[in-house]
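# Coordinate analysis (summary)
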Amino acid sequence: LTKEEKMAYAERARKWNEKKRSQKTVKEVNAEKGTPFNVEVFKIRGGVNIFYFLNIYSHGKLPSHCEQRFLPCEIGCVKYSLQDGIMADFHHFIDPEVPPRGFRYHCQAASDATHKIPISGFQLSRTCYAVVLRELLEFVQPVSSVRPHYYCRVWSRSKFRINWCLNRMASITGIENHLELFAVEDLVIELYRKKYQKEPSKTWVCRELDVFLWDFSSNTRCKWHEENDILCCALASCKKIAYCISKSLANVYGVSLTAAHLPLQDSDYGESTNTKMVILDAGRFQ
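Residues numbered from 1 in each chain as written. Predicted model: local features only at pLDDT ≥ 70, side-chain atom pairs only at ≥ 80, totals over all residues. Heavy atoms only, no water.

### What about helix H6 (residues 184–196)?
Across its 13 residues, H6 extends 18 Å between first and last C-alpha, which sits within 8% of the 18 Å expected from 1.5 Å per residue. Residues of H6 that are buried include every one of Val184, Glu185, Leu187, Val188, Ile189, Glu190, Leu191 and Tyr192, and no others. For H6, the elements touching its buried residues are strand E1 (50–61), strand E4 (150–152), strand E5 (181–183), helix H7 (202–209) and helix H9 (234–250). Note on H6: the residue one or two positions beyond its end, Gln197, has a positive phi of about 60°. (Helix = DSSP H or I, 4+ residues; strand = E, 2+ residues; numbered from the N terminus. Expected span 1.5 Å × (residues − 1). Buried < 20%, exposed > 50% of the residue type's maximum accessible area, 1.4 Å probe, protein only. Contact = heavy atoms within 4.5 Å.)

Laid out in structure tokens, this is it:
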């Protein structure tokens, strides 16, 4: 090829790459839009509406041309009802796959900026995909014919990551993934609407779910994140959703708050919000 032809091909490749980077995949766009709310979740199960809040952390987010978009490394889930608060919790560190060639530094930087789970040599990351999926499915005890639903933060764009990780683990292990994810934001709106016959604003919902009030409360993070004083924890993110819903709506439904609804305040913090600095733009990694 002549020098001019090489330059022309290079320019075409540059434009193609820019166009690809500027456009999200169809799956990601649809995932971020969320799933329409399903009123089936409000069917009474023995007098109690039970919800499951789920989150999966990974070692960063890789470009769309990579087969491994995420490297799941931690999973958390809680079983919750307005009547009883947090009824049970589920947590595992996951043995991650090897990062694609050339992306190890990117993955480590993402981990360092969020959950700080080491990519390799982490003794607690021994749970394989098969164990995680089997135990997660066992964690949910279906009642009658009502299919349990899992909720995650959709407006914060975490649904695509969680769905991708679940599907990845299912495809590698051969275990069928029947988990259906819904937006916890829509759940809050519906709980509010059922009582007041009107919907709250998205700003109010996001503000309620984004508070840092319980970041340092005891029995919120997993043992490792608690001992190492690390804020980003998959289990803690699920528990804090339960705390937010309890604080905002339990009294509205005539439910007395207990230690299962809200954590007992540490004497050092009382009722005040914490002032510790946190990384607010860590979402670019997760």
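Having seen it, we continue.
### Comments concerning the packing of aromatic side chains
Pairs of aromatic rings are described using the distance from one ring centre to the other and the angle between the two planes. Scanning the model with the defined rule gives 15 aromatic pairs in all. A ring pair is formed by Phe51 and Tyr151, whose centres lie 5.9 Å apart and whose planes are at 85°; its orientation type is edge-to-face. Here the residue Phe51 occupies a position in strand E1, and Tyr151 occupies one in strand E4, the gap between them amounting to 100 residues. A centroid spacing of 5.6 Å and a plane angle of 35° characterise the contact between Phe53 and Tyr80, whose relative ring orientation is tilted. With Phe53 in strand E1 and Tyr80 in strand E2 (residues 70–81), the pair connects residues that are 27 residues apart, well separated along the chain. By relative accessible area, Phe53 is classed as buried at 0%. Cluster of aromatic residues (ring-pair linked, three or more members): Phe51, Phe53, Tyr80, Tyr151 and Phe182. The positively charged end of Lys195 is found above the aromatic ring belonging to Tyr253, 5.0 Å away from the centroid. (Phe/Tyr/Trp six-rings, centres within 6.5 Å; stacked < 30°, edge-to-face > 60°. Lys NZ or Arg CZ within 6 Å of the ring centre and 35° of its normal.)

### A look at the sheet that holds E5
In a beta sheet, neighbouring strands are held together by backbone hydrogen bonds and run either parallel or antiparallel to one another. Pairing in this open sheet of five strands is mixed, and the strands run E3-E2-E1-E4-E5 from one edge to the other. Of all strands in the sheet, those with a lone pairing partner are strand E3 (85–93) and E5, marking the two edges. The sheet shows a mean angle of 30° between the axes of neighbouring strands, direction not considered. Relative to E5, E4 runs parallel, the two sharing three bridges. Within E5, the position partnered with Tyr150 by the bridge is Leu181. Along the sheet, helix H3 (residues 104–113) contacts E1 and E2; its crossing angle with E1, the most-contacted strand, is approximately 135°. The strands touched by helix H5 (residues 159–173) within the sheet are E1, E2, E4 and E5, with E1 carrying the most contacts at an inclination of about 85°. (Pairing = 2+ DSSP bridges. Axes fitted to C-alpha atoms, helices over the stretch in contact; angles between N-to-C directions.)

### As for the pairing of E3
Pairing geometry for E2 and E3, over eight bridges, is antiparallel. When the bridges of E3 are listed, Ile75 appears paired with His92. Between E2 and E3, which pair antiparallel in sequence order, lie three residues.

### Things to note about unusual backbone geometry
The phi torsion at Lys116 lies on the positive side, around 65°, for a residue other than glycine. By the element assignment, Lys116 lies in the loop between H3 and helix H4 (129–139). Under the relative-accessibility criterion, Lys116 is labelled partly exposed at 41%. For Gln197, which is not glycine, the phi torsion reads 60° and is therefore positive. With respect to the element layout, Gln197 can be found in the loop between H6 and H7. Since its relative accessible area comes to 63%, Gln197 is described here as exposed.

### Overview of the packing of H4 against H5
It is at 9 Å that the axes of H4 and H5 come closest, and there the two elements cross at 115°. It follows that H4 is roughly perpendicular to H5 by the angle criterion. Along this stretch, H4 crosses H5, giving a crossing that reads as left-handed. Contact residues: Tyr129, Ala130, Val132, Leu133 and Leu136 in H4; Leu166, Arg168, Met169, Ala170, Ile172 and Thr173 in H5. (Parallel < 35°, antiparallel > 145°, perpendicular 65-115°, else oblique. Left-handed = near helix turned anticlockwise from the far one by under 90°.)

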